[in-house]
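Chain residues, written in single-letter form:
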Number of protein chains: 2
Amino acid sequence: MEILIKQDLLIANEEKAKDIRARLKQHNICMLNLIGSPGAGKTSLLEKTFSTLGQRCRMAVIEGDVETDEDAKRLAQYPVLIAMVNTHGACHLESVSVEKALNAFDLKKLDLIFVENIGNLVCPAEFDVGENLKIAVLSVCEGDDKVIKYPLLFREASIVVLHKIDLLPYLNFNRARFYADLKKVNPKAKVLEVSCTTEEGVDAWCKMILSFTKINVISIS
Amino acid sequence: MEILIKQDLLIANEEKAKDIRARLKQHNICMLNLIGSPGAGKTSLLEKTFSTLGQRCRMAVIEGDVETDEDAKRLAQYPVLIAMVNTHGACHLESVSVEKALNAFDLKKLDLIFVENIGNLVCPAEFDVGENLKIAVLSVCEGDDKVIKYPLLFREASIVVLHKIDLLPYLNFNRARFYADLKKVNPKAKVLEVSCTTEEGVDAWCKMILSFTKINVISIS
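Below: a short report on this structure. (Residues numbered from 1 in each chain as written. Chains lettered and ligands numbered in written order. Predicted model: local features only at pLDDT ≥ 70, side-chain atom pairs only at ≥ 80, totals over all residues. Heavy atoms only, no water.)

### A closer look at the overall build of chain A
For the record, the criterion: Under the DSSP-based scheme used, a helix requires at least four consecutive residues in state H or I and a strand at least two consecutive residues in state E, with every element numbered from the N terminus. With C-alpha atoms as the basis for the radius of gyration, the globule rule is written as 2.2 Å multiplied by the number of residues raised to the power 0.38. Any residue under 20% of the maximum accessible area for its type is buried, any over 50% is exposed, and the rest in between are partly exposed; the area is computed with a 1.4 Å probe on protein chains only. Contacts: residue pairs with any heavy atoms within 4.5 Å of one another. The method behind every accessible area is Shrake-Rupley, applied with a 1.4 Å probe, and residues are considered shielded solely by the protein chains displayed. Charged residues are defined narrowly, with Lys and Arg counted positive, Asp and Glu counted negative, and His plus the chain ends left uncounted. To locate a charge, take NZ of a lysine, CZ of an arginine, CG of an aspartate or CD of a glutamate.
Within chain A one finds 8 helices and 7 strands. Since a compact globule built from 221 residues should have a radius of gyration of about 17 Å, the 17 Å found for chain A is in line with a globular shape. In chain A, which comprises 221 residues, the proportion classed as buried is 58%. Long-range contacts, defined here as pairs at least 24 residues apart, represent 75% of the contacts in chain A between residues at least 6 apart. On chain A, roughly 9,600 Å² of surface is accessible, and the fraction owed to carbon and sulfur atoms is 51%. Side-chain charges of chain A comprise 28 positive and 30 negative groups, with the mean position of each set lying 6 Å from the other.

Below you can see the structure in the form of structure tokens.
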């Protein structure tokens, strides 16, 4: 019975996710679902994105958190619209709460929406929230075995950010193993190596993000 | 309805957990539930524990993993009994699977059992698996805001291992903030700062672990 109820929930979740995707398409908005462990650096990556691209395209973020607004407060200083979703203990976002958050925005005035999912490598990967792409964020501090240990996310993600690479000299992280595992699990995934501390890879990341806003990019002088 | 079913599940889980605790008490076994994010270093900490204490007390570990046996393979070289639990996608262990794993052991021959929970800061804290203590493992790489952002685990944990402290010089981790937050959330929690790389704090950790095996400690020559 428990399994049947879960299937029903997943089906209902997926139907709403499809509606969201259709709605965003009407507005030429791309939505990116950022998923990674607690401390993988999802919020830091968004800070870099908003400080670099904030004047060049119209962005919003749906901030998922278990119970605080810590991340939303960090992002409040950037030129970006923010909608908070507190899951009150739940370990992932679902399409129903993302839909409610979207209602807080004027979609006519947006090019790009980020979803910062709950810090968790397991469940968020199971729940389509209407995004166009899932982006996995993995900090090198977490170890080189995570692709094999948590394969669903890495199978679902179109892009993998290998994050905090400035710390590689101090860690026993086997890059070759990471790439070999990812090739097995998802040969099509694009990998970006990024450090928000040294800014290595931030340009490539921002360039890629801009490429998702097919039109509507506002050129600055 | 979804909430009611969850409550039923939690109640059933707790009843079985009580049974487990009673059964372990009969055998003077202490069971410790290790909870932390993916890559917090739970398995590394167990490796150090088993290599240091393997000849001094009789230990077993219940290895929770989403779908692989990667961690169990790492631990197989140590003098410790291992029972694997694959959750097939689920993000936490429950008492029913821990009970099954316990049946694999001859409890008369054990002093201490570790449960290495699924790498996740959210749900494992909700599920009593019959342990005597919950131990939170937090890597400094995850950031100093995690106590506030994921308070349930830190409220439930009797011991917090602040892990990978050898990396502190390369990070922007505010120790004072971590301690202040923990004092608010759980003033009784005991903190151990540990690095498995430099071995700092490993002795204190092992000493504490030994203190949990009230009797049955086998002295070595």
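Still more to cover.
### Points about the interface of chain B and chain A
Test applied: Buried area is understood as the total, over both parts, of accessible area removed when two parts are fitted together, assessed with a 1.4 Å probe. Between Lys or Arg on one side and Asp or Glu on the other, a salt bridge is scored when a side-chain nitrogen of the former is within 4 Å of a carboxyl oxygen of the latter.
Tallying the contact residues gives 37 residues for chain B and 37 residues for chain A. A buried area of about 2,800 Å², summed over both sides, lies between chain B and chain A, and 60% of it is on carbon and sulfur atoms. Among the residues of chain B in contact with chain A, P38(B), K149(B) and Y170(B) are the three that bury the most area, contributing 20% of the side total. At the boundary of chain B and chain A, one finds 6 salt bridges.

### Topic: helix 8 (residues 202–212) of chain B
Restricting attention to buried positions, one finds in helix 8 of chain B the residues V202(B), W205(B), C206(B), M208(B), I209(B), L210(B) and F212(B). If you follow the buried residues of helix 8 of chain B, they end up packed against strand 1 (30–36), helix 2 (42–53), strand 4 (112–116), strand 5 (133–139), strand 6 (159–163) and strand 7 (190–194) of chain B.

### So, the relation of the copies chain B and chain A
Spelled out, the test is: Least squares is used to superpose the copies, and the fit set is the C-alpha atoms of residues whose pLDDT is at least 70 in both copies.
In the superposition of chain B on chain A (RMSD 0.0 Å, axial shift 0.0 Å), the rotation amounts to 180°. Viewed as a symmetry operation, the transformation between the two copies matches a two-fold axis.

### A closer look at the environment of I118(A)
If you trace the backbone, I118(A) turns up in the loop between strand 4 (112–116) and strand 5 (133–139). Between the alpha carbons of I118(A) and Y179(A) there is a distance of 25 Å; along the sequence they are 61 residues apart. I118(A) has contacts with G36(A), G64(A), D65(A), V66(A), T87(A), A90(A), C91(A), H92(A), L93(A), P124(A) and V122(B), leaving out every residue within four places of it along the chain.

### Thoughts on the pairing of strand 1 (residues 30–36) of chain A
Residue and element names in this part refer to chain A. Our working rule: Criterion used throughout: strands pair if DSSP finds at least two bridges between them.
Of all 7 residues in strand 1, 7 are buried; the element is thus mostly enclosed. Of the two faces of strand 1, both are covered, the one formed by C30, L32, L34 and G36 as well as the one formed by M31, N33 and I35. Here strand 1 pairs with strand 4 via 5 bridges, running parallel. Paired with L32 across the two strands is F114, which belongs to strand 4. Bridge count for strand 1 against strand 5 is 5 bridges, and the pairing is parallel. Paired with I35 across the two strands is A136, which belongs to strand 5.

### Re the pairing of strand 3 (residues 81–86) of chain A
All names here are of chain A. Selection rule: A crossover gets the label right-handed when its path from the first strand over the helix to the second runs clockwise, viewed with the strands pointing away from the viewer.
Inspection of the sheet shows strand 2 (residues 59–65) paired to strand 3 by 6 bridges, in the parallel sense. The residue bridging V61 from the neighbouring strand is I82, located in strand 3. With respect to chirality, the unit in which strand 2 leads through helix 3 (residues 70–75) into the neighbouring parallel strand 3 is right-handed.

### Examining the sheet that holds strand 6 (residues 159–163) of chain A
Residues and elements named next belong to chain A. Definition in use: To get an axis, fit a line to the C-alpha atoms, keeping to the stretch in contact for a helix; angles then go from 0 to 180 degrees between the N-to-C directions.
Ordered by their spatial adjacency, 7 strands build an open sheet running 3-2-4-1-5-6-7, and the pairing between neighbours is parallel. For this open sheet the edge positions go to strand 3 and strand 7 (190–194), each flanked by a neighbour on one side alone. In this sheet, neighbouring strand axes are inclined to one another by 20° on average, regardless of whether the strands run parallel or antiparallel. As defined by bridge partners, strand 2 adjoins strand 4 across 5 bridges and the pair is classed as parallel. Looking across to strand 4, one finds that E63 is bridged to E116. Strand contacts of helix 7 (residues 175–185): strand 5, strand 6 and strand 7, with the helix running at about 155° to strand 7, the strand carrying the most contacts.

### Some thoughts on the pattern of salt bridges
Where charged atoms of side chains with opposite charge meet at close range, the side chains can pair. Taken as a whole, this structure holds 38 salt bridges over all chains when the rule is applied. Note that K108(B) is salt-bridged to D106(B), the shortest N-O span being 3.7 Å. Residue classification places D106(B) among the partly exposed residues on the basis of a relative accessible area of 32%. Overlapping salt bridges bring together D69(A), E70(A), K73(A), D144(B), R177(B), D181(B) and K184(B) as one network.

### Thoughts on the sheet that holds strand 3 (residues 81–86) of chain B
Neighbouring strands of a sheet are bound in pairs by backbone hydrogen bonds; such pairs are parallel or else antiparallel. Residues and elements named next belong to chain B. Ordered in space as 3-2-4-1-5-6-7, the 7 strands form an open sheet in which the pairing is parallel. The sheet is open, and its two borders are formed by strand 3 and strand 7, each paired with just one other strand. When strand polarity is set aside, the average angle formed by the axes of neighbouring strands in this sheet is 20°.

### Focus on the environment of S51(A)
Residues and elements named next belong to chain A. For clarity, the cut-off: Whenever a nitrogen or oxygen atom comes within 3.5 Å of another N or O atom, the pair is scored as a polar contact, on the condition that within protein one atom can donate a hydrogen and the other can accept it, and that pairs from neighbouring residues in sequence are kept only if both atoms are in side chains.
The topology assignment puts S51 in helix 2 (residues 42–53). Each C-alpha atom, one on S51 and one on P79, is 7.8 Å from the other, the two residues being 28 residues apart in sequence. A polar contact of 3.2 Å, which involves the side chain of S51, links it to the backbone oxygen of K48.

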